[in-house]
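Read off the chains here:
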Amino acid sequence: MATCSNQPTCPGSATCTGTATCQNAATCSIQCLCSCPHQGDINGDGLIDVFDVIGVIGIAFSGDLDAQDPTCPRTRGDVTNDGVTDVFDVIYLIATAFSGGADPVNPCVP
Ligand SMILES: [Ca+2]
Ligand SMILES: [Ca+2]
């Protein structure tokens, strides 16, 4: 099997698991397993509500643990998908939970 000259990577991800397949040095493909079932659902109960807003506030401001699903390149609290959980994620999740804001950004969609 050839060695890839430029290794393909999964979209937006450092931790996504994937297996590269090489036809030759120029043609590489990768299969990515990427699934983020709990973005914004900090406590993982299937709903985004006030408890998750409280959770993300704890992550952003108090250093609480930001859980990460094993097949997801981002932590649950990083609803804006920029690699950090901060005040912008809190604002975003408040909108999602209370005012019909957009769902958390799906890190698996490039
Ligand atoms: Ca929840
Ligand atoms: Ca973020």
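What this report covers is the structure whose coordinates are included nearby. Everything numeric here is computed off the predicted structure, so don't read it as measured data.

## A closer look at unusual backbone geometry
A positive phi is found at Asn 81, a non-glycine position, where the angle reads about 60°. Along the chain, Asn 81 turns up in the loop between α1 (50–62) and α2 (87–98).

## Observations concerning α1
Between its first and last C-alpha, α1 extends 17 Å over 13 residues, near the 18 Å set by a 1.5 Å rise per residue. Here α1 has its buried residues at Asp 52, Gly 55, Val 56, Ile 59 and Ala 60. Taken around the axis of α1, the buried residues stretch over an arc of 125°, which confines them to a single face. Away from its buried face, by an angle of more than 90 degrees, α1 presents the exposed residues Val 50, Phe 61 and Ser 62. Just downstream of α1 lies Gly 63, where phi reads positive at about 75°.

## Some details on the environment of Phe 88
For Phe 88, the location among the structural elements is in helix α2. Take Phe 88: there are 14 C-beta atoms within 10 Å of it, and that puts it in the partly exposed class. On a C-alpha basis, the gap between Phe 88 and Asp 78 in space is 9.1 Å, while along the polypeptide they are ten residues apart.

## A look at the nonpolar core
One finds Ile 42, Ile 48, Val 56, Ile 59, Ala 60, Val 79, Val 90, Tyr 92 and Leu 93 forming the largest nonpolar core, which totals nine residues. Broken down by secondary-structure element, the contributors of at least two residues to this core are α1 and α2.

## Some remarks on the environment of Leu 47
Among the secondary structure elements, Leu 47 is positioned in the loop between β2 (28–33) and α1. For Leu 47 and Ala 97, which are 50 residues apart along the polypeptide, the C-alpha to C-alpha distance reads 9.0 Å.

## A look at the environment of Ile 94
Checked against the element boundaries, Ile 94 lands in helix α2. As for Ile 94 and Val 56, which are separated by 38 residues in sequence, their C-alpha atoms are 9.6 Å apart.

Cut-offs and rules
Residues numbered from 1 in each chain as written. Chains lettered and ligands numbered in written order. Predicted model: local features only at pLDDT ≥ 70, side-chain atom pairs only at ≥ 80, totals over all residues. Helix = DSSP H or I, 4+ residues; strand = E, 2+ residues; numbered from the N terminus. Expected span 1.5 Å × (residues − 1). Buried ≥ 20, exposed ≤ 12 C-beta atoms within 10 Å, placed from the backbone. Arc of directions from axis to C-beta. Core = buried A, V, L, I, M, F, W, Y, C linked by C-beta atoms within 7 Å.

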